[in-house]
Amino acid sequence: MQKLTDHIRGAAFDLDGTLVDSAPDLAAALNHTLASLGASALPEPRVRALIGHGVERLVSRGIAESLGGRAVNETELPRALAIFRAFYGRNLFRRSRLYSGVVEALEGLARAGIDLCCITNKDAAFAEPLLEAAGLRQLLRFSLSPRDPAERKPDAHMLLAACERLGSPPSRLLYVGDSTIDLLAARAAGCPVARVTYGYDSQATPAGLEPDWRVDNLTELLTVSLREPTRS
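Residues numbered from 1 in each chain as written. Predicted model: local features only at pLDDT ≥ 70, side-chain atom pairs only at ≥ 80, totals over all residues. Heavy atoms only, no water.

**Overview of the overall build of the chain**
Next up, step 1: Within the chain one finds 9 helices and 8 strands.
Next up, step 2: Computed over the C-alpha atoms, the radius of gyration of the chain is 18 Å, within 12% of the 17 Å expected from 2.2 N^0.38 for a compact globule of 232 residues.
Next up, step 3: Each of the 232 residues in the chain was classed as buried or not, and the buried ones make up 52%.
Next up, step 4: Excluding contacts between residues fewer than 6 apart, the proportion of contacts in the chain whose partners are at least 24 apart in sequence is 65%.
Next up, step 5: Carbon together with sulfur atoms contributes 50% to the accessible area of the chain, which is approximately 10100 Å² in total.
Next up, step 6: Seen as two clouds, the 27 positive and the 28 negative side-chain charges of the chain have centres 1 Å apart. (Helix = DSSP H or I, 4+ residues; strand = E, 2+ residues; numbered from the N terminus. Rg over C-alpha atoms; globule rule 2.2 N^0.38 Å. Buried < 20%, exposed > 50% of the residue type's maximum accessible area, 1.4 Å probe, protein only. Contact = heavy atoms within 4.5 Å. Areas by Shrake-Rupley, 256 points an atom, 1.4 Å probe, with all protein chains shown as cover. Lys, Arg positive; Asp, Glu negative; His and termini not counted. Charge placed at Lys NZ, Arg CZ, Asp CG, Glu CD.)

**Focus on the pairing of strand β7 (residues 193-196)**
Next up, step 1: Residues of β7 alternate between two faces, with Val193 and Arg195 on one and Ala194 and Val196 on the opposite face, all of them buried.
Next up, step 2: When strand β6 (residues 173-177) meets β7, the two strands line up parallel, connected through 3 bridges. Following the sheet pairing, Gly177 is matched in β7 by Arg195.
Next up, step 3: Regarding the hand of the β-α-β motif, the stretch spanning β6, helix α9 (residues 180-189) and β7 is right-handed. (Pairing = 2+ DSSP bridges. Right-handed = clockwise from strand over helix to strand, strands pointing away.)

**Re the layout of surface pockets**
Next up, step 1: When its volume is computed, the largest pocket comes out at roughly 470 Å³.
Next up, step 2: Around the largest pocket, the lining is made up of 27 residues, and of these Ala49, Ile51, Gly52, His53 and Ile181 lie nearest the centre.
Next up, step 3: Contributions of two or more residues to the lining of the largest pocket are made by α3 (44-50), α4 (55-66) and α9.
Next up, step 4: Per-element tally for the lining of the largest pocket: the top contributor is α4, with 4 residues. (1 Å grid on protein atoms, 1.4 Å probe; cavity = no way out; pocket = protein on both sides within 12 Å on 5 of 7 lines; lining within 4 Å. Points joined across faces, edges and corners; volume = space filled by probe spheres on them.)

Now the structure itself:
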């Protein structure tokens, strides 16, 4: 029976919640920002639920939740973003960690001749140094971050751009993520998709949006059968 690795030419990975558990450092940066604004800190589990839509949304939703739902005014957000970016940029991989099996999976896929990349909604100013600090940059051909909000997942733009750079049709590029956003982006691009069972998205998968595969550990991608998807 044919393995998934015999079919795909490339594999693209989400970053936060898929390759790296970055929530501890994101929570520290957000709570530093909230303290600077005189707002109350949020517990890390709440911060985890806000991850995945970019820095602006993380900070604005974090402020609103800390202040009891009050909308963030137009003068607060720029200051808050500046505080957050400065703090987080200095503390990208202080308490964050790689998920189990990440390095082994990437190395195994590379040995199988599969091109690897990262596609993330995280700002490039943070994504690139985080991948470097985590020791993953050398295992990837490239990483893609949105240049403007319209390119963020669930839009297909970055996945299709990766296909073009890798010279692969979407049907031969596997996308791997932890969230519904990742599933939507993969489906929009026409890519097969695997969803990790860990990560930050605690929402139930919408009906009709099941991934092709579910994996508890990325090393499972090395052995999963092409004919054994979880998608119904």
